[in-house]
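Topology and contacts: notes
What follows is each chain in one-letter form.
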Amino acid sequence: MIEPADTSAQRPHYRHLEQARAQVIELLSRQAVERELLQRQGTDTTRRQDVVSQLVERQHQAALEARLASFHPADIAFVLESLEPDARDLAWSLVRADRRGAVLLETSDNVRRALVANMAPEDIAAVVAPLDSDDIADLVSSLPEEVGQQVVARLDNADQAEVRSMLSFPEGSVGALMDMEFISVREDASLEAVQRLLRRLKTLPPHTSEIFVVDRSNRLQGLLSLSRLVLGDPETPVSAEMTRDVVFFFTDDRMRDAVDAFERYDLVSAPVVNLHDQVVGRLTVADVVDEMRERANSEGLRQVGLSDEQDLFAPVLKSARARWPWLGINLVTAFMASRVIGAFEPIIEVLVALAALMPIVASIGGNSGNQSAALVIRGLALNQLGSHQLWRMLEKELRIAAFNGLLCGLILGIATIVLYHDLALAAVITVALVLNLLTASLIGVCAPVLLHRFGRDPVMGSSIILTATTDSMGFFYFLGLAALFLV
């Protein structure tokens, strides 16, 4: 007789993580409601109420614990980040201890710090101990410095040495994110000897597609792919099958440059060497994907003036304080634009149509400038903009702005004639739109480059400069031309 498959050990794959979050929230909400109903009962049944309350709470906690046990650590992290602090703490207390390290690895920095805030350093060390040294270093680097040092001090000697070594590298460098688990062989070994080595290891490090070939001093000589190892003649030496043209990184290389190299060369893994060309680790596609995701999230938040890794349920004052710089700068730029309008109040009183049309000039200019800025920021990120390329790009963007300005200006001019029956007003708004688009493209190209040269963030700073310029100059061009030719 065929026995039914044991589904208890199978982990369901959730196509929509919202479903997982909804299930956990439903269990938490049901538990809170039933606890409140029990508390409303009379004092005569206090003892019975306590017994029933404990039974109900244990039942819900068991159901919630079983539900969380079926989730992937990344799904648990997603659920925790979606819960309010009280519910998050309750759900976190029900995550099995042997899975907490993997869950912490998937959470954002702020949520991670909130989860471990009430944990003793020895408990944190016990949770992260099963992880690889590079993952431990990643977690420790996001904790407060004093707590991180206490956690590292409670690891075993081997993990301590590796974690301290990785923490010594600058943040954002390849050395800080590399994986120290790799396989290396000598070039004078035979393929059969390498195969015997791999069979003794039982398992390979994740994302292993190539084996590093080194000399006696552990200096990188080349790479041996697994396909050549399996298909080659067992008696052939490694030197005859290995590839000497190797893409590798130094420990102090920027992770941003490594990400670009992985995208350009379709790499799965790459060796990392020190200044003496000795192999000390490797970079895998998993590390690169994590870095790309963090970069995308960070740039998306910085564009609206938020710091990295915001907690959705952070305290109100903390969240408000994080938004003050952005709001303050925008308040100043909005005031500047309003003063430009204020200078032309007598003109607007004579021609009321100006008040209805002038936001169009500023809005289209801002959109055009954002397009130019996005291309420049991408070029800077990929190191594609030298001085010659920059001038060519500026020339191209100005030509595009002139063409689009004339096209949009003519359309807007025709609409102005239809609405206000004023040919002069149509001509003024057309010229103003062309001038503002030219200004927007100039700022859109130059602002990111200048900010990058001075070590500032071009993603966030460019949008502030561009918005202030296109609004103020758009109003100035339109109202100024109206004052010269219409009044």
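Refer to the preceding data block for the structure.
Below is a summary of the structure that appears in this document. Since the structure is predicted, the reported quantities are computational estimates derived from the model, not experimental observations.

Conventions adopted
- Residues numbered from 1 in each chain as written.
- Predicted model: local features only at pLDDT ≥ 70, side-chain atom pairs only at ≥ 80, totals over all residues.
- Heavy atoms only, no water.
- Pairing = 2+ DSSP bridges.
- Helix = DSSP H or I, 4+ residues; strand = E, 2+ residues; numbered from the N terminus.
- Contact = heavy atoms within 4.5 Å.
- Axes fitted to C-alpha atoms, helices over the stretch in contact; angles between N-to-C directions.
- Phe/Tyr/Trp six-rings, centres within 6.5 Å; stacked < 30°, edge-to-face > 60°.
- Buried < 20%, exposed > 50% of the residue type's maximum accessible area, 1.4 Å probe, protein only.

Points about the sheet that holds strand β5 (residues 269-273)
Sheet architecture is open: three strands sit in the order β4-β5-β6, paired in mixed fashion. Each of the sheet's edge strands pairs with one partner strand only, and the pair in question is β4 (249-250) and β6 (279-284). In terms of strand pairing, β4 meets β5 through two bridges, oriented parallel. Bridging across to β5, Phe 249 finds its partner in Val 272. Across the sheet, helix α15 (residues 255-265) lies against β4, β5 and β6, angled at about 60 degrees from β6, the strand it touches most.

Comments concerning the sheet that holds strand β3 (residues 220-225)
By definition, the strands of a sheet pair up through backbone hydrogen bonds, in either a parallel or an antiparallel sense. Spatially, β1-β2-β3 is the arrangement adopted by the three strands of the open sheet, whose pairing is mixed. Across the chains shown, the open sheet's two edge strands, defined by having one partner strand only, are β1 (184-186) and β3. On average, each strand axis in the sheet is tilted by 35 degrees relative to the strand beside it, whichever way the strands run. In this structure, β1 lies alongside strand β2 (residues 210-214), joined through three bridges in parallel fashion. By the bridge assignment, Arg 186 is partnered in β2 with Val 214.

Here's the deal with the packing of aromatic side chains
The tally for this structure, following the rule as stated, stands at five aromatic pairs. Here the aromatic rings of Phe 248 and Phe 250 are separated by 5.6 Å at their centres, their planes lie at 75 degrees, and the arrangement is edge-to-face. Given the relative accessible area of 35%, Phe 248 is considered partly exposed. An angle of 65 degrees between the planes, with centres 6.4 Å apart, marks the rings of Phe 344 and Phe 476 as edge-to-face. Note that Phe 344 is positioned in the loop between α17 (316-343) and α18 (345-350) and Phe 476 in helix α22 (residues 458-485), a separation of 132 residues in sequence.

All quantities given are derived from atomic positions and should not be read as evidence of function.
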